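One-letter residues, chain by chain:
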2 protein chains.
Amino acid sequence: MPKRSANGSRAGAIGKPASRRVPMRDFSRSLPMALLRAREAVMRQFRPSLRRHDLTEQQWRILRALAAVDAIEVTELARTAFLLGPSLSRILRDLEARRLIERRSAEGDLRRGVVSISEKGVKLMSAVAPSSEAIYAAISRRYGTRKLAELQDMLGALEASLAGLDLGDEDAKLTSGRKFA
Amino acid sequence: MPKRSANGSRAGAIGKPASRRVPMRDFSRSLPMALLRAREAVMRQFRPSLRRHDLTEQQWRILRALAAVDAIEVTELARTAFLLGPSLSRILRDLEARRLIERRSAEGDLRRGVVSISEKGVKLMSAVAPSSEAIYAAISRRYGTRKLAELQDMLGALEASLAGLDLGDEDAKLTSGRKFA
DNA sequence: GCGAGATGCTTAACATGTTAAATGGTTCGG
DNA sequence: CCGAACCATTTAACATGTTAAGCATCTCGC
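Per chain, residue numbering runs from 1 following the sequence as it is written. Chain letters start at A and ligand numbers start at 1, both assigned in the order the entries are written. Selection of residues for local features in this predicted model requires a pLDDT of at least 70, selection of side-chain atom pairs for listing and counting requires 80 or more, and totals for whole chains, interfaces and linings are taken over all residues. The side-chain numbers reported here are obtained from all heavy atoms of the structure, hydrogens and water having been left aside.

Student: I keep staring at the pairing of strand S3 (residues 113-117) of chain B and nothing clicks. Help me out?
Tutor: Remember that side chains alternate between the two faces of the sheet whenever the strand is regular. Residue and element names in this part refer to chain B. A 1.4 Å probe rolled over the protein chains alone gives each residue an accessible area, and that area as a share of the maximum for its type sets the label: buried under 20%, exposed over 50%, partly exposed in between. For the purposes of this entry, the term helix denotes a DSSP run of H or I that reaches at least four residues, the term strand denotes a run of E that reaches at least two, and both are numbered from the N terminus. Burial analysis of S3 places five of its five residues in the buried class, which makes it a mostly covered element. Because side chains alternate across S3, one face comprises the buried residues Gly113, Val115 and Ile117, and the other comprises Val114 and Ser116, equally buried. As paired elements, strand S1 (residues 72-73) and S3 share two bridges and run antiparallel to each other. Among the inter-strand pairings, Ile72 is bridged to a residue of S3, identified as Val115. Paired strands, as defined in this entry, are two strands with at least two bridges between them according to DSSP.

So this is what it looks like as structure tokens:
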């Protein structure tokens, strides 16, 4: 596909680094990037193990959440496994098809779905958990158990400090002012 | 702690919490979850602002990376913006269609693509950067600037400590190389 | 009871993450 | 030169993230 813009000219319009024109924090100091990179470094360790059991990261999160309780409503599960409704809905459909979970509806409220892990799901967890724990132990050893706990605390504190902050409309003040009541 | 045992729970009846049968770290102490939640808490602040400018998080990452340089090869950009090739390929196609970036191919090697931000892209960045910086400042204020720097350091250290570790085959040792059926 | 609104979940639509395969270009041994 | 191996990027296929709609059910005021 020779779709490229065949711009044979000497990069004419391409000027100097825009960083001089658009003042902006150095990319490497972006907190979201740091969190993303750290998480990816961690997940890279787990993914092959999950993959060998045909589990995605999210499916594993759901099974773990289900394994800790007897049964749980879908909305509550979404909160626990930190998944949005639509994602959870799709994943539950697949996990049910694989018979790793069981569903019914809540008594007295047919809107609510109640989910629980199946025996087959428990067996799968038993197969995965040992290696998962081993990997976690290796990470903890490598990074330092104490430091790891400290990191967890700081992450929790960050989350807590931003809870209910909602800065999302900051630039509304900068640009146009309030649009909504 | 009770040991895991397939104690033949009744079929159909939903048994007791599987946590008794599958020993596993408490879900709330999962490092990947903590990182995910923290990152989401941060990104939740930025997303509305980006959305007002019709930018996704990844598109913004790319523009930021491009703004810091004159031009950059696709592979290098993927590393900088921490995106996989296929994702980057799609996003560049869209950004080019919106004329926010410009592409050409490297002299002497037609395989390599070279990307740079366009004037229009720079203008867009100029429109977004102020609110982005304001949000970042608010987060820093709220969490503590010093603490934030410390967190960044610890995240970097975590990433570094896991670099080249690759525990992915840990459970191959545990399961004796059971083949997938 | 009953109809409007609220609630719980699912579906739709589009963008990205992820792995595998394909495409086009380059390099190098013979 | 020639073709095989290699390299950079893209395309393909499937799963999830994200927002908006859609459906069924429930609640409540009248």
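Moving on from the coordinates now.
Student: Sorry, what's going on with the protein's contact with DNA strand D here?
Tutor: The immediate surroundings of DNA strand D are formed by 27 residues, with Pro86, Ser87 and Leu110 of chain A together with Thr75 and Arg103 of chain B found nearest. Separating a phosphate oxygen of DNA strand D from a side-chain N or O atom of Thr56 of chain A is a distance of 3.4 Å. Between DNA strand D and Arg90 of chain B, the relevant distance is 3.5 Å, taken from a base nitrogen to a side-chain nitrogen or oxygen of the residue. When residues of the surface near DNA strand D are traced back to their parent elements, those giving at least two are helix H2 (57-67) and helix H4 (85-97) of chain A together with helix H1 (31-52), helix H3 (74-81) and helix H4 (85-97) of chain B. Of the residues that constitute the surface near DNA strand D, the class distribution is eight nonpolar, nine polar and ten charged. If a single non-hydrogen atom of a residue is within 4 Å of a molecule or strand, that residue counts as near it. Any pair of N or O atoms that falls within 3.5 Å is considered a polar contact. Within protein, one atom must be able to donate a hydrogen and the other to accept it, and sequence-neighbouring residues count only if both atoms are side-chain atoms. Under the scheme applied, nonpolar residues are Ala, Val, Leu, Ile, Met, Phe, Trp, Tyr, Cys and Pro; charged residues are Asp, Glu, Lys and Arg; polar residues are all the others, including Gly.

Student: Explain the packing of H1 of chain B against helix H2 (residues 57-67) of chain B here, please?
Tutor: Relative orientation and spacing of two packed helices are given, respectively, by the angle between their axes and the distance between those axes. Residue and element names in this part refer to chain B. Running from N to C, H1 and H2 cross one another at 80°; their axes reach a closest spacing of 10 Å. Taken together, the axes of H1 and H2 lie roughly perpendicular to each other. Together, Arg39, Met43, Arg47 and Leu50 of H1 and Glu57, Trp60 and Arg61 of H2 make up the contact between the two elements. Looking at the contact of H1 with H2 residue by residue, the class counts come to three nonpolar, no polar and four charged. Note on geometry: axes are C-alpha line fits, over the in-contact stretch for helices, and angles between N-to-C directions span 0 to 180 degrees. In what follows, roughly perpendicular refers to angles from 65 to 115 degrees, roughly parallel to angles under 35, roughly antiparallel to angles over 145, and oblique to any angle outside these ranges. Whether two residues are in contact is decided by their heavy atoms: any pair within 4.5 Å suffices.

This is a description of form; function is not addressed.
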